[in-house]
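Here is how the chains run, residue by residue.
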Amino acid sequence: MAPELTDPHFSTGLTARILVVDDEPRLLTTLATLLRGRGYEVTEAHGGERACELVDAQRFDLALLDLRMPGVDGFEVMSHLARVQPDCGAIVVSGESSFSAVSRALRRGALDYIRKPFDPEELLATVASVTNKQSLLKAHENIQLRLEKSEALHRYIVNSSPDIVFMLDARGHFCFVNSKVESLLGYQPAEICGNHFRHILDDRDVARGMYALSAPNVSSDNPRTLEVRLKTRGSRRATRHFEITAFPIDPQTWPHSDATRGGGSGQSARYYGTARDVTERKEAEAFINFQAYHDLLTRLPNRALFKDRLELAITQARRSGQKLAVMFLDLDRFKVVNDTLGHAMGDRLLQAVTHRLERCLRKGDTLSRFGGDEFTLLLPAIRNPEDARQIAKKLIKALRAPFQLGEHEVFVGVSIGIAIYPDAGDRMDQLIQNADIAMYHVKARGKDGYRFYSETMSIDSANRLNLERDLRLALERNELRVFYQPQVCSSDNRIVGLEALVRWQHPERGLLFPRDFLPLAEETRLIGQLSEQVLDQAFQDVGHWIRSGHGDLRLAVNLSPVQVEHPKFVETLMQRVQAHNFPAGNLEIEITENVIMNDLDQISQKLRELAALGVRIAIDDFGTGYSSLNYLHRLPIHTLKVDQSFVKGMRSGEDGACIVNAIVAMAHGLKLEIVAEGVETDQQLTYLRSLGCHQVQGFFYGPAEPAARIAVTLERTLASVTPA
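Just so we're clear, the structure is a prediction, and the values are computed from it rather than from any experiment. As a convention, each chain's residues are numbered from 1 in the sequence order in which they are written. Local features in this predicted model are restricted to residues whose pLDDT is 70 or higher, and side-chain atom pairs enter the listing and the counts only when it is 80 or higher, whereas totals over whole chains, interfaces and linings include all residues. Excluded from the side-chain calculations are hydrogens and water; all other atoms, namely the structure's heavy atoms, are used.

1. Describing the environment of Pro162
Using the following cut-off: Counting from the N terminus, the helices are DSSP H or I runs at least four residues long and the strands are E runs at least two residues long. A 1.4 Å probe rolled over the protein chains alone gives each residue an accessible area, and that area as a share of the maximum for its type sets the label: buried under 20%, exposed over 50%, partly exposed in between. Between two residues, a contact is recorded if the distance between any of their heavy atoms is within 4.5 Å.
Relative to the assigned elements, Pro162 resides in the loop between helix H6 (142-160) and strand S6 (164-168). You can call Pro162 exposed: its relative accessible area is 55%. Remark: the alpha-carbon pair of Pro162 and Leu184, spanning 22 residues in sequence, is separated by 9.8 Å. Excluding residues that lie within four positions of it along the chain, Pro162 makes contacts with Lys180 and Leu184.

In structure tokens, the structure reads:
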């Protein structure tokens, strides 16, 4: 049975006339069919614009409408309905469930709010209830009962809200706050009411919060929204972030009711709003922002933030006519630690290095991790290059002391390139690039130092890039050649050993010597691949000669620090020895004193492993490095090689001869073999023989030569000692 309406204010007939408004045809038809099934007289309006046309043309007792519709939305339909047919009630049937939408609909006069998807029985019950109540409202002060319904729904929403809901009086004092304030901030509603809202604002946001309420453009349709920090109970430091939405209340439309929950009275309310806790979102945003501009391992600014600060510093320096410095720092020997002890220890080392570097900086300087073991440093507003020089010296000194990583004591150094603005460039990328170029020149000269950029370095760098490209091609095209310089017994001129020396047959520049390309090979990490090719060829050549009758022939190979410091140095070397079936006892590796002293414990262990396998150990360029008797005593060393500079110095007087005398005497005392390099004259050879130095090499016996010529010499030597 359809509900009968006898009130004369209703439309003629016994059934209520209902306008159903929705922009979705299927839902519109469903609603209309459902209502017609209960006997209601239903008119369908597809969209808000059609609904307004029907309101102008026909009389309705009730409207069911959606809020979200293209063109004319539900709020506009409600406004139009209130102007044209104020006696017609409205029920919102919408998927929009936000607090602001519900509140706005209720303020526009909605009698009820049904959320999509709806329960048919619930909807019909609601419609029946509303239509029945409407007859009473129209008969007994319709407007008053509508306000009661709206207030009841509003109270339910407020008390169930996940946000803090509050009211303020004209002076900004709380006159209502819901119970959510207790769980979010720790305050009881009763102790908040009567206090000014600034008492729970963080001190940093008080001024902004006070201004927000006095903004002239704030209205019920244009509420004020801002983010502020609110204090929690018990600690002024414990703050949480909230998004505040507040709008003024018109005193003429606000119902003067009894005291509200929370101990306050809503009668004097002039502002109404919500506070949503967005602390987790703000913390996530802060973390994401930190990640975008910082290195998470060292907590230092990353490349992007460094460039931003450098760009700003250049602008300020240009305006004030000041200088600034950009430093490019590259750690020495970091890769050795990382490969030997593992990435975890490498990370700990980077953190320890960062801590030491930061202690050397001034306020306002920016240290950045540029990537890997590279750092950049910005020194803004320096007076002259000397300021940068002093900082560079402090940084180098700070890293010289050993680092303790668990049970391991490790040493690293730092190579620093410095570019001064505007002398070395007036653009960001130019300064960074030139500081990088200067740093590479430090590496080429032995590391652990600093250099200022100069224009000549750019020319060298261009040549360096071309040479690096050619060197990579040379490794692919097998352009490297192995030459051999004989090591001769000075007493009988017999060849006892051959030192393998690499040459590069460059297609355009001709034959290049090691000094022309080996430093570059070490910098670019091509030295490993280069050494593999040299060792393979040397093992093949000398192995063939050993098997051809020169069983005691020794092969001497000079190894770079990069190779020796690699954690798998021994394993890799012995794999190549075995692959070529080369007798380990005929191999002698030459390393410098500096390589040993960089990490004495690690190098000692490796050399002992090699000696145990029969490999001989020689110290190359002896006397030019640390010359420590301590390591000579501790290590399994077989041979000392006197540097050619000392041999040449014998001609310049007694000082040069004294050095050679001391080295030979020390070798005899330690029962080590000795080889003198760079012997060029008969006088040098005679003097060395008199000292008891019986192995020499140098131009006196000939330069380093290709394998084919060495083979001829060996054949001739073998023939001269073979019995007829």
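So much for the structure itself; the text now carries on.
2. Things to note about the sheet that holds strand S4 (residues 89-94)
Here is the rule: For two strands to count as paired, DSSP must find a minimum of two bridges between them. Helix axes are fitted to C-alpha atoms over the stretch in contact, other axes to C-alpha atoms as well, and angles between N-to-C directions run from 0 to 180 degrees.
As summarised here, the arrangement of the five strands in space is S2-S1-S3-S4-S5, forming an open sheet in which the pairing is parallel. Each edge of the open sheet carries a strand with a single partner, namely strand S2 (41-46) and strand S5 (112-115). The average undirected angle you get between the axes of adjacent strands in this sheet is 20 degrees. Bridge count for strand S1 (residues 17-22) against strand S3 (residues 62-65) is four bridges, and the pairing is parallel. Note that in S3 the partner of Leu19 across the bridge is Ala63.

3. A short note on the sheet that holds strand S13 (residues 374-382)
What links the strands of a sheet is backbone hydrogen bonding, and the strands pair in either a parallel or an antiparallel sense. Taken in spatial order, the five strands of this open sheet run S12-S13-S11-S16-S17, and their pairing is mixed. At either margin of the open sheet sits one strand with a lone partner, and together these are strand S12 (366-371) and strand S17 (449-452). When the angles between neighbouring strand axes are averaged without regard to direction, this sheet yields 20 degrees. Where strand S16 (residues 413-421) lies against S17, four bridges are found, and the strand directions are parallel. Looking at the pairing, Ile418 lines up with Phe452 of S17. Helix-sheet contacts for helix H11 (residues 303-320) involve strand S11 (323-332), S12, S13 and S16, and the interaxial angle to S12 is about 135 degrees.

4. Quick look at the nonpolar core
How we decide: Among buried residues, the Ala, Val, Leu, Ile, Met, Phe, Trp, Tyr and Cys ones that are joined through side-chain atoms within 4.5 Å form a nonpolar core.
Judged by nonpolar contacts, the single largest core of 75 residues is most densely connected at Tyr484, Leu555 and Ile589. With nine residues, helix H18 (residues 527-547) is the largest single contributor of residues to this core. Apart from residues no more than four positions distant in its own chain, Leu555 is found in contact with Tyr484, Leu498, Ala500, Ala538, Phe539, Val542, Phe582, Asn586, Leu587 and Glu588. Membership of the second largest hydrophobic core comes to 33 residues, among which are Met327, Leu367, Leu379 and Phe403.

5. Remarks on unusual backbone geometry
A negative phi angle is the norm for most residues apart from glycine, just as the trans form is the norm for most peptide bonds. Cis geometry marks the peptide bond from Lys116 to Pro117, where omega comes out at -10 degrees. The residue Pro117 is located in the loop between S5 and helix H5 (120-139) in this model. A cis geometry characterises the amide bond from Tyr421 onward to Pro422, with omega recorded as 0 degrees. Summarising the element assignment, Pro422 is placed in the loop between S16 and helix H15 (428-444).

6. Description of helix H1 (residues 25-36)
Test applied: What a helix should span is 1.5 Å times the count of its residues minus one. Here the arc refers to the directions that run from the helix axis out to each C-beta atom.
Its 12 residues give H1 an end-to-end C-alpha distance of 16 Å, which sits within 8% of 16 Å, the value for a rise of 1.5 Å per residue. Restricting attention to buried positions, one finds in H1 the residues Leu27, Leu28, Leu31, Ala32 and Leu35. The buried residues of H1 occupy one face: seen down the axis, they fall within an arc of 130 degrees.

7. Remarks on the pairing of S16
Burial analysis of S16 places nine of its nine residues in the buried class, the great majority of the element. Of the two faces of S16, the one holding Gly413, Ser415, Gly417, Ala419 and Tyr421 and the one holding Val414, Ile416, Ile418 and Ile420 are both buried throughout. One ladder, built from nine bridges, connects S11 with S16; its direction is antiparallel. Residue pairing across strands places Phe328 opposite Gly417, the latter belonging to S16.

8. Some remarks on the packing of helix H12 (residues 334-341) against helix H13 (residues 343-358)
Axis angle and axis distance: for two packed helices, these are the angle between their axes and the distance between the axes, and together they describe the pair. What counts here: Side-chain classes follow a simple rule in which Ala, Val, Leu, Ile, Met, Phe, Trp, Tyr, Cys and Pro form the nonpolar group, Asp, Glu, Lys and Arg form the charged group, and the remainder, Gly included, forms the polar group.
Direction vectors running N to C along H12 and H13 enclose 140 degrees, while the axes themselves pass 6 Å from each other. Along the contact surface, H12 presents Phe334, Val337, Asn338 and Leu341, while H13 presents His343, Met345, Gly346, Leu349 and Leu350. Split into classes, the residues belonging to the contact of H12 with H13 amount to six nonpolar, three polar and no charged.

9. With respect to the pairing of S13
Of the pairings in the sheet, the one linking S11 to S13 comprises seven bridges and is antiparallel in character. Paired with Val326 across the strands is Leu378, a residue of S13. The antiparallel pairing of S12 with S13 creates a hairpin that spans two residues between the two strands, and Gly372 there sits at a positive phi of about 60 degrees.

10. Comments concerning the pattern of salt bridges
To be explicit about the condition: Basic side-chain nitrogens of Lys or Arg form a salt bridge, by our definition, when they fall within 4 Å of a carboxyl oxygen of Asp or Glu.
The final tally for this structure, using the stated rule, is 32 salt bridges. In this structure, Asp536 and Arg576 form a salt bridge, with 2.9 Å as the shortest nitrogen-oxygen distance. With Asp536 in helix H18 and Arg576 in helix H20 (residues 569-579), this residue pair connects regions lying 40 residues apart in the sequence. In this structure, Glu588 and Arg554 form a salt bridge, with 3.6 Å as the shortest nitrogen-oxygen distance. On the criterion of sequence distance, the pair formed by Glu588 in strand S22 (residues 587-592) and Arg554 in strand S21 (residues 554-558) is long-range, its members being 34 residues apart. With relative accessibility at 1%, the residue Glu588 sits in the buried group. What emerges from the salt-bridge pattern is a single network uniting Glu499, Glu590, Lys641 and Glu677.

11. Quick word on the packing of aromatic side chains
Any aromatic ring pair is given by two values, namely how distant the centres are and how the planes are angled relative to each other. Rule in force here: Two rings belonging to Phe, Tyr or Trp (six-membered ring only in the last case) form a pair when the distance between their centres is within 6.5 Å. Interplanar angles under 30 degrees mark stacking, angles over 60 mark edge-to-face geometry, and anything in between is tilted. Whether a charge lies above a ring is judged from NZ of Lys or CZ of Arg, which has to be within 6 Å of the ring centre and within 35 degrees of the ring normal.
In the structure shown here, the tally under the stated rule is nine aromatic pairs. With centroids separated by 6.3 Å and ring planes inclined at 85 degrees, the aromatic side chains of Phe306 and Phe370 adopt a geometry described as edge-to-face. Placement of the pair is Phe306 in helix H11 and Phe370 in strand S12, with a sequence separation of 64 residues. By relative accessible area, Phe370 is classed as buried at 9%. Ring geometry for Phe700 versus Tyr701: centroids 5.1 Å apart, planes at 80 degrees, classification edge-to-face. Exposure remark for Phe700: the relative accessible area of 32% places this residue in the partly exposed category. What links up through ring pairs into an aromatic cluster is the set Phe306, Phe328 and Phe370. Between Arg104 and the ring centre of Phe75, over which it is positioned, the NZ or CZ distance is 4.3 Å. Between Arg107 and the ring centre of Phe247, over which it is positioned, the NZ or CZ distance is 5.1 Å.

12. Some thoughts on empty space enclosed by the protein
The criterion, for reference: Throughout, the protein atoms alone are placed on a 1 Å grid, and a set of points is a cavity if a 1.4 Å probe fits but cannot get out or a pocket if it is open with protein on both sides within 12 Å along at least five of seven lines; lining residues have an atom within 4 Å of a point. Grid points are joined across faces, edges and corners, and a volume is the space filled by probe spheres set on the points.
Under the criterion given, the structure shown has two cavities of 30 Å³ or more. The space that makes up the largest cavity amounts to roughly 280 Å³. Around the largest cavity, the lining is made up of 21 residues, and of these Phe166, Leu168, Phe197, Leu201 and Ile244 lie nearest the centre. Residue contributions to the lining of the largest cavity peak at four residues, all from strand S8 (residues 224-232). A class-by-class count of the residues in the lining of the largest cavity yields 19 nonpolar, one polar and one charged.

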